[in-house]
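Coordinate analysis (summary)
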Amino acid sequence: QAAVHDCFVALNVHSALTPQDVRKSIAPALATACTLAAAEPPGHSTSSVILFLDEMNTSSCMGVFKELILDRSFDGVPLPGNVVIIAACNPARSLTIQSAG
């Protein structure tokens with residue numbers, strides 16, 4: 001019997017996050033995905049790396065996220081097939097300004 005290995009990585013996205021921060025945060029998870037995929041017979045994947053992008057809409061790194069989610073690549077390199085990406089977009093909060101007085 002094959003063992004199932006899943007890895008969950010959460011990236012808490014915020015407005016100060018840079019594309020370099022995203023790369024630094026997810027590169028180890030993608031390396032783990034490659035290692036797990038290489039240890040399994042082709043077409044028999046029992047391991048997944050789940051990458052959760054929380055509050056994705058709060059960042060200015062949309063180009064990096066577009067590449068990950070839509071193009072399924074990272075810096076131009078295709079993602080391993082065992083990578084699952086989940087993204088959460090929270091509703092915008094309206095800012096209420098009250099005048100003093």
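Up top is the structure.
As the structure is a computational prediction, the values presented were derived from the model and not from experiment.

Among the nonpolar cores identified, the biggest contains 21 residues, and Leu 11, Val 22, Ile 26, Phe 65 and Leu 68 are the most heavily contacted of them. Counting residues per element, the ones that place at least two in this core are strand 1 (5-12), helix 1 (19-38), strand 2 (47-54) and helix 2 (62-71). Looking at which element gives the most residues to this core, the answer is helix 1, with six residues. Residues within four places of Ile 26 in sequence aside, it is in contact with Leu 11, Leu 51, Leu 68 and Phe 74.

In the contact formed by helix 1 and helix 2, the axes pass within 9 Å of each other and the chain directions differ by 40°. Accordingly, the angle class assigned to the pair helix 1 and helix 2 is oblique. Packed against helix 1, whose contacting residues are Pro 19, Val 22, Arg 23 and Ile 26, the element helix 2 presents Val 64, Phe 65 and Leu 68 at the interface. Across the contact of helix 1 with helix 2, the residue classes tally to six nonpolar, no polar and one charged.

Along a regular strand, successive side chains alternate from one face of the sheet to the other. Burial along strand 2 is one-sided: the residues Ser 47, Val 49, Leu 51 and Leu 53 are buried and none of Ser 48, Ile 50, Phe 52 and Asp 54 is. In this sheet, strand 5 (residues 83-87) lies alongside strand 2 in parallel orientation, the contact comprising five bridges. Bridging across to strand 5, Val 49 finds its partner in Val 83.

Attention now moves to the environment of Val 49. Structurally, the position occupied by Val 49 is in strand 2. Given a relative accessible area of 1%, Val 49 falls into the buried group. When the C-alpha atoms of Val 49 and Ala 92 are compared, they prove to be 29 Å apart, with 43 residues separating the residues in sequence. When sequence neighbours within four positions are dropped, the list of residues in contact with Val 49 reads Cys 7, Ala 29, Thr 32, Ala 33, Leu 36, Asn 82, Val 83 and Val 84.

Residue placement: Leu 53 occurs in strand 2. In the structure, Leu 53 is positioned 20 residues away from Ser 73 in sequence and 15 Å away in space, judged by C-alpha atoms. Setting aside chain neighbours within four positions, we find Leu 53 in contact with Leu 11, Phe 65, Ile 69, Ile 85, Ile 86, Ala 87 and Ala 88.

Cut-offs applied
- Residues numbered from 1 in each chain as written.
- Predicted model: local features only at pLDDT ≥ 70, side-chain atom pairs only at ≥ 80, totals over all residues.
- Heavy atoms only, no water.
- Core = buried A, V, L, I, M, F, W, Y, C linked by side-chain atoms within 4.5 Å.
- Buried < 20%, exposed > 50% of the residue type's maximum accessible area, 1.4 Å probe, protein only.
- Helix = DSSP H or I, 4+ residues; strand = E, 2+ residues; numbered from the N terminus.
- Contact = heavy atoms within 4.5 Å.
- Axes fitted to C-alpha atoms, helices over the stretch in contact; angles between N-to-C directions.
- Parallel < 35°, antiparallel > 145°, perpendicular 65-115°, else oblique.
- Nonpolar A, V, L, I, M, F, W, Y, C, P; charged D, E, K, R; others polar.
- Pairing = 2+ DSSP bridges.

Don't take any of this as a statement about function, it's just geometry.
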